[in-house]
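# Commentary on secondary and tertiary structure
Chain residues, written in single-letter form:
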Amino acid sequence: MTLAILLAAGRGSRLGTPKAALDLRGRTALERCVAALRAGGANEVRAVLAAGDASGLAAAGRSGAVPVFNRDPARGQTSSLKAGLASGPAPVEPWLLHTVDYPLLLAEDVAALLAALAPPHAIAVPVVGGRRGHPVLFLPELANEFLALDDHEPAHGVVRRDPSRVLGVERSNPWLVADLDTPADLAAVLAELARREPNAAL
């Protein structure tokens, strides 16, 4: 049972709107992330939303994700990650961490990480043009390292704690390292989707 935690509780302040329910050519950013994660091998996706995010909740319902609410997302993404991990059974298989800021991941990117992770590595990270991206895959025991973090501590501290346990998986999808953060980013994402899905109904 492969678990994916999808962080989607941000306010999207620079974009002017929360990203979870952002319409990206007929499907929300959350729905696109969940679809790719599930098609790539995730059996369960827990989508962490800001408390009271009705539109995000509706998107989670359409996608089949399990909604999890963070009462105070201003504490940072680590608080959302911890909420997702604590909301159900602990992972027993390698588990994925993704964020709705990267809605153009592909199922094959997810599958490549799942296929690549093996001893002595405990973490698999996609690498595009020398840059690390998302999602990230962890062995189940690393969940405890995240749960031990304070909410203000960045989650990437776990990844950087021991470089020898991190496997870089080369990928060609540039959208694994290009987050959706500003109106210009949104325009680029929509242009890419128009290229990928020219016949999609809007």
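For the structure given in this document, a descriptive report is provided here. Since the structure is predicted, the reported quantities are computational estimates derived from the model, not experimental observations.

### Side note on the packing of helix α1 (residues 29–40) against helix α4 (residues 107–116)
Direction vectors running N to C along α1 and α4 enclose 45°, while the axes themselves pass 7 Å from each other. Accordingly, the angle class assigned to the pair α1 and α4 is oblique. Classified by chirality, the crossing of α4 by α1 is right-handed. Of the residues in α4, those touching α1 at Ala36, Leu37, Ala39 and Gly40 are Ala107, Val110, Ala111 and Leu114.

### Observations concerning the nonpolar core
Ranked by internal contacts, the top residues of the largest apolar core, which has 40 residues, are Leu30, Leu37, Val45 and Leu96. With six residues, the single largest contributor to this core is α1. Beyond its immediate chain neighbours, meaning those up to four positions away, leucine 96 contacts Thr2, Leu3, Ala4, Ile5, Leu37, Ala42, Val110, Leu113, Pro135, Val136 and Leu137. In this structure, Val48, Leu142, Ala155 and Val159 belong to the second largest nonpolar core, which totals 22 residues.

### A few points about the packing of α1 against helix α2 (residues 54–63)
In contact at an axis separation of 9 Å, α1 and α2 are set at 30° when each is read in the N-to-C sense. As judged from the angle between their axes, α1 and α2 are roughly parallel. Considering how the two elements wind past one another, α1 and α2 form a crossing that is right-handed. Mapping the contact onto sequence places Leu30, Glu31, Val34 and Arg38 in α1 and Gly56, Ala59, Ala60, Arg62 and Ser63 in α2.

The rules we used
- Residues numbered from 1 in each chain as written.
- Predicted model: local features only at pLDDT ≥ 70, side-chain atom pairs only at ≥ 80, totals over all residues.
- Heavy atoms only, no water.
- Axes fitted to C-alpha atoms, helices over the stretch in contact; angles between N-to-C directions.
- Helix = DSSP H or I, 4+ residues; strand = E, 2+ residues; numbered from the N terminus.
- Parallel < 35°, antiparallel > 145°, perpendicular 65-115°, else oblique.
- Left-handed = near helix turned anticlockwise from the far one by under 90°.
- Contact = heavy atoms within 4.5 Å.
- Core = buried A, V, L, I, M, F, W, Y, C linked by side-chain atoms within 4.5 Å.
- Buried < 20%, exposed > 50% of the residue type's maximum accessible area, 1.4 Å probe, protein only.

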